[in-house]
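Working through the structure, step by step
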Amino acid sequence: VIDAHGQLHYLILRHGGVLGVGQKYCAIPVRVIALKRKLDSETPWVELNISPKVLEKANNFTSDKWPDFHNETFVKETNAVFVDVPGVNVRIER
């Protein structure tokens, strides 16, 4: 999810379901995602170090009911779920 200024805020993760039925989507804050690349490769990948329990606590949505990513309540609730997620060395000033 990119804002009007071109800043990336969230990546959308699809999870759960069987054969495309019952899948959920979750907005993952960019600060908990690591973009990695092997030294001998130009192909990057995204590393996400979260548990299924965190995904269940997050604001999940379906493909036909996307949230308003600029809504203040959505932003606060989403950030609260991912505040203690390890994996990326990012310092957040509160």
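Please refer to the structure placed before this passage.
Summarised in this report is the structure supplied together with it. Since this is a predicted model, take the numbers as computed values, not measurements.

**Examining the overall build of the chain**
Across its full length, the chain holds two helices and five strands. Starting at the N terminus and ending at the C terminus, the chain contains elements arranged as β-β-β-β-α-β-α. The C-alpha extent of the chain, read off along each of the three principal axes, is 40 × 40 × 30 Å. Counting the 94 residues in the chain, one finds 22% classified as buried. Contacts spanning at least 24 positions in sequence make up 48% of the contacts within the chain whose residues lie at least 6 apart.

**Quick notes on the nonpolar core**
By size, the foremost hydrophobic cluster in this structure holds 10 residues: C26, I28, V32, I33, I50, V54, L55, A58, F82 and V85. Every element with two or more residues in this core is listed here: β2 (24-29) and α1 (52-57). Sequence-distant contacts of I28, that is, excluding residues within four places in its chain, are made with H9, Y10, L11, L13, I33, L48, I50, L55 and F82.

Definitions and limits used
- Residues numbered from 1 in each chain as written.
- Predicted model: local features only at pLDDT ≥ 70, side-chain atom pairs only at ≥ 80, totals over all residues.
- Heavy atoms only, no water.
- Helix = DSSP H or I, 4+ residues; strand = E, 2+ residues; numbered from the N terminus.
- Buried < 20%, exposed > 50% of the residue type's maximum accessible area, 1.4 Å probe, protein only.
- Contact = heavy atoms within 4.5 Å.
- Core = buried A, V, L, I, M, F, W, Y, C linked by side-chain atoms within 4.5 Å.

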